[in-house]
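# Descriptive analysis of the structure
Here is what each chain is made of, one letter per residue.
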Amino acid sequence: MLNVAVVGLGFGRAFVPIYQNHPNVGRVAICDANAKLVEEIGDLNSVEDRFTSLESVLADDRFDAVHLLTPVPLHVEQTLAVLSAGKHCACAVPMATSIDGLMQVVEAKKRADRNYMMMETSAYSREFLYVRDMHERGEFGNLTFLRGSHIQDLEGDYPLYWHAQPPMHYICHAIAPILALTKTRATQVNCLGAGVLRHDLQQPGGNPFPLQTALFQLEGTQAVAEVTRSWFQVARSFVESFSVYGERRSFEWPLLDGDSPVIFTLDEERPKTRRDASAKRVSIPYRPDLLPPELSRFAEGGHGGSHPHLVHEFISSIVESREPAIGAVTAANWTATGICANESALKNGESVLIPLLL
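Since this is a predicted model, take the numbers as computed values, not measurements.

### Observations concerning helix H9 (residues 172–182)
- In terms of residue burial, H9 counts as a mostly covered element, since 10 of its 11 residues are buried.
- Looking only at H9, the buried set comprises Cys 172, His 173, Ala 174, Ile 175, Ala 176, Pro 177, Ile 178, Leu 179, Ala 180 and Leu 181.
- Trailing H9 by a residue or two, Lys 183 shows a phi angle of about 55 degrees, which is positive.

### Section: the layout of surface pockets
- Empty space within the largest pocket amounts to approximately 1000 Å³.
- Around the largest pocket, the lining comprises 41 residues; the ones closest to its centre are Phe 11, Leu 69, Thr 70, Pro 71 and Tyr 161.
- Looking at the lining of the largest pocket, the elements with two or more residues in it are helix H1 (9–12), helix H4 (54–58), helix H5 (75–84) and helix H8 (161–164).
- Here the element with the most residues in the lining of the largest pocket is H5; it accounts for 4 residues.
- When its residues are assigned to classes, the lining of the largest pocket shows 23 nonpolar, 13 polar and 5 charged.
- The calculated volume of the second largest pocket comes to roughly 630 Å³.
- If you go around the second largest pocket, you meet 29 residues; those closest to its centre are Glu 127, Glu 240, Trp 253, Asp 257 and Gly 304.
- For the lining of the second largest pocket, the elements supplying multiple residues, two or more each, are helix H7 (126–136), H9, strand S11 (239–246) and helix H10 (302–305).

### Some details on the sheet that holds strand S13 (residues 262–266)
- One open sheet accounts for 9 strands, arranged S14-S13-S12-S11-S7-S10-S9-S8-S15; its pairing is mixed. Edge strands, defined here as strands with exactly one partner in the open sheet, are strand S14 (277–281) and strand S15 (352–353).
- Pairing analysis gives 2 bridges linking strand S8 (residues 186–194) to S15, with the strands arranged antiparallel. Counterpart to Val 189 in the pairing with S15 is Val 352.
- Each of strand S7 (143–151), S11, strand S12 (249–252) and S13 touches H7; the most contacted strand, S11, lies at about 10 degrees to it.
- Where H9 meets the sheet, it contacts S7, S8, strand S9 (211–218), strand S10 (224–230) and S11, and its direction lies at approximately 155 degrees from that of S7.

### Considerations on the pattern of salt bridges
- What the rule picks out here adds up to 22 salt bridges.
- Here Arg 137 makes a salt bridge to Glu 139, at a shortest N to O gap of 2.6 Å.
- Arg 137 gets classed as exposed once you look at its relative accessible area, which sits at 55%.
- Between Glu 313 and Arg 322 there is a salt bridge, with its nearest N and O atoms 2.8 Å apart.
- Through salt bridges that share partners, Arg 27, Glu 48, Asp 49, Asp 60 and Arg 62 make up one connected network.

### Quick notes on the packing of aromatic side chains
- For the structure shown, the criterion picks out 10 aromatic pairs.
- Through pairs of rings, three or more aromatic residues link up here, namely Phe 128, Phe 242, Phe 251 and Trp 253.
- We note Arg 126 situated over the ring of Tyr 286; from NZ or CZ to the ring centre the distance is 4.2 Å.
- Positioned over the ring face of Trp 231 is Arg 229, at 4.1 Å from the centre of the ring.

### Observations regarding the sheet that holds strand S3 (residues 49–51)
- Spatial ordering of the open sheet is given by S3-S2-S1-S4-S5-S6, a layout of 6 strands whose pairing is parallel. Whereas interior strands pair on both sides, the edge strands pair on one side only; in this sheet they are S3 and strand S6 (116–118). Ignoring which end each strand starts from, the neighbouring axes of this sheet average 20 degrees apart.
- As paired elements, strand S4 (residues 65–68) and strand S5 (residues 88–91) share 4 bridges and run parallel to each other. Residue pairing for S5: Val 66 is matched across the bridge by Cys 89.

### As for the packing of H5 against helix H6 (residues 99–112)
- Where H5 contacts H6, the axes come no closer than 9 Å and their chain directions differ by 10 degrees. Taken together, the axes of H5 and H6 are roughly parallel relative to one another. Across the interface between the two elements, Val 76, Thr 79, Leu 80 and Leu 83 of H5 pack against Gly 101, Gln 104, Val 105, Ala 108, Lys 109 and Ala 112 of H6.
- Of the residues belonging to the contact of H5 with H6, the class tally is 6 nonpolar, 3 polar and 1 charged.

### Thoughts on a nonpolar patch on the surface
- The grouping of Val 329, Leu 356 and Leu 358 at the surface amounts to a nonpolar patch, some 270 Å² of accessible area in total.
- Looking at the secondary structure, you find Leu 356 in the segment after S15.
- Using a relative accessible area of 46% as the deciding quantity, one classes Leu 356 as partly exposed.

Parameters at a glance
- Residues numbered from 1 in each chain as written.
- Predicted model: local features only at pLDDT ≥ 70, side-chain atom pairs only at ≥ 80, totals over all residues.
- Heavy atoms only, no water.
- Buried < 20%, exposed > 50% of the residue type's maximum accessible area, 1.4 Å probe, protein only.
- Helix = DSSP H or I, 4+ residues; strand = E, 2+ residues; numbered from the N terminus.
- 1 Å grid on protein atoms, 1.4 Å probe; cavity = no way out; pocket = protein on both sides within 12 Å on 5 of 7 lines; lining within 4 Å.
- Points joined across faces, edges and corners; volume = space filled by probe spheres on them.
- Nonpolar A, V, L, I, M, F, W, Y, C, P; charged D, E, K, R; others polar.
- Pairing = 2+ DSSP bridges.
- Contact = heavy atoms within 4.5 Å.
- Axes fitted to C-alpha atoms, helices over the stretch in contact; angles between N-to-C directions.
- Salt bridge = Lys/Arg side-chain N within 4 Å of Asp/Glu carboxyl O.
- Phe/Tyr/Trp six-rings, centres within 6.5 Å; stacked < 30°, edge-to-face > 60°.
- Lys NZ or Arg CZ within 6 Å of the ring centre and 35° of its normal.
- Parallel < 35°, antiparallel > 145°, perpendicular 65-115°, else oblique.
- Patch = residues over 30% accessible without salt bridge, like charges linked within 9 Å, V, L, I, M, F, W, Y side chains within 5 Å.
- Areas by Shrake-Rupley, 256 points an atom, 1.4 Å probe, with all protein chains shown as cover.

As structure tokens, then:
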């Protein structure tokens, strides 16, 4: 039985009952700098162990693992602290916002000999699991093109550090399904920034673009990936999406939230000059069957039902003494795509090679 501390209760509150119900988890602690929030979430979930600082968690030998759901600028520093304390670490995306930060985490993981997992929701959503199964059955044929998109408006009640953050530094939700499906990495990127961030949104020395869009070359495949990320100045409702286009079939994310995705199938029986693809909307099931029975009731939760799958993979990897599906090296190579994409955008679309991080 593992004892786990959940740190950061804004987003983290959703994970507390999942850990509490996992069959391989014993004690669950909560931690947040906001003492009132700690009491509120603690009382709601009957949590005995409550902390208001990560340092206090790390000093407590009872806890084997820490799940960080804290602000992006803290991820590298806190991950290094968790690993240095000899505890396993799960962390919300992104792993880091610089290549140096990625390398620091990869090296710290090696020294600590503990597990690190980046908790990327889009790599465990019900939509991804559905498309992954299609691909493993060979239904797409050879993949030709993949597209990811994450459009979100951050004006309003968000911390100012987001204003300085290039959109591509938070690429993971859009690129992860592509790289997880193809089981490869991106090797080169050409990215352009679109528009100019309004003066009142700009931060000194920060990001100048409201939107960035990029083309990626994928190692070992002829397929190309396109990813678009936006924080501001785009009249579009929130979307985290991915689409997959193959020689036989394609999966296309719905245009509007609440609609069903579309599967296109190429009719190979018709003459080549008249061939067309049929279109069929499909209902995507949640996947409680992939979870322990104790977690099945969480399968229809947020982010496409991904939360219990992430928790189960993280805990299982520790119990089974193996690398998690999104371990340090995988996480570093996924995250590096966005860092290099931003570099390309600052060079007006110049090609940038994406380093292989090991």
